[in-house]
Amino acid sequence: MTEKEKVVVGGERWKAAMGNLTEMGANLDSLQKFLSKKAVFVDDETFSRASLASEQARSIKTLEQRVETLERELDAAIAAAARARTEKRQAEAAQKAAELRTQEITKELENTSKVFKLHMEELRAKQEEISKKNSEIKVLEAIIQTLSRKDSGGTGRLVPHPSLNNQ
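An account of the accompanying structure is given in this report. (Residues numbered from 1 in each chain as written. Predicted model: local features only at pLDDT ≥ 70, side-chain atom pairs only at ≥ 80, totals over all residues. Heavy atoms only, no water.)

### Examining the overall build of the protein chain
Along the backbone of the protein chain there are two helices and zero strands. Evaluated residue by residue, the protein chain yields a buried proportion of 2% over its 167 residues. In the form shown here, the protein chain has an accessible surface area of approximately 15,400 Å², with 59% of it arising from carbon and sulfur atoms. (Helix = DSSP H or I, 4+ residues; strand = E, 2+ residues; numbered from the N terminus. Buried < 20%, exposed > 50% of the residue type's maximum accessible area, 1.4 Å probe, protein only. Areas by Shrake-Rupley, 256 points an atom, 1.4 Å probe, with all protein chains shown as cover.)

Spelled out as structure tokens, the structure:
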């Protein structure tokens, strides 16, 4: 860029800046006129009271916001406590159901044990009965063998009964 071009560009910038300043000045003038029409001039005491009232209003607003926050937190805590109570009741109900089921199973096991004992007693009785029958069979076998010897003419030889050959 040449020196002349720089001067032209710089001059345009100054013109634009001057136009902006003029416009801002006009805006300030209109704002000043507006304020002079609407402004209320008060003494220092009235201004102090208004400032105090404004400060109190800001404090009240801040406190109201804090109260709202605390109310939300309290509501959340109450809801959490209600959920905890519900969960506690559910856990207690589940525990009670488990205890009842345990009692049922225990009774069932006790009954099964009693039935098992009865069956064992029956089996022992049957074993004793079988043992007695077995003894009776042996006695009968001996009697049959003795009778068989007498029938065979006393050869002195033992002849088992044909029904005993299977054993």
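### Observations concerning a negative patch on the surface
Taken together, Glu64, Glu68, Glu71 and Asp75 make up a surface patch of like negative charges. Relative to the assigned elements, Glu71 resides in helix 2 (residues 44-151). On the accessibility criterion, Glu71 (45% relative accessible area) is partly exposed. (Patch = residues over 30% accessible without salt bridge, like charges linked within 9 Å, V, L, I, M, F, W, Y side chains within 5 Å. Salt bridge = Lys/Arg side-chain N within 4 Å of Asp/Glu carboxyl O. Lys, Arg positive; Asp, Glu negative; His and termini not counted. Charge placed at Lys NZ, Arg CZ, Asp CG, Glu CD.)

### Observations concerning the pattern of salt bridges
In this structure the tally under the stated criterion is four salt bridges. The residue Glu92 makes a salt bridge to Lys88 at a minimum N-O spacing of 3.9 Å. Here the residue Glu92 and the residue Lys88 both occupy positions in helix 2, the gap between them amounting to four residues, near one helical turn. Since its relative accessible area comes to 52%, Lys88 is described here as exposed.

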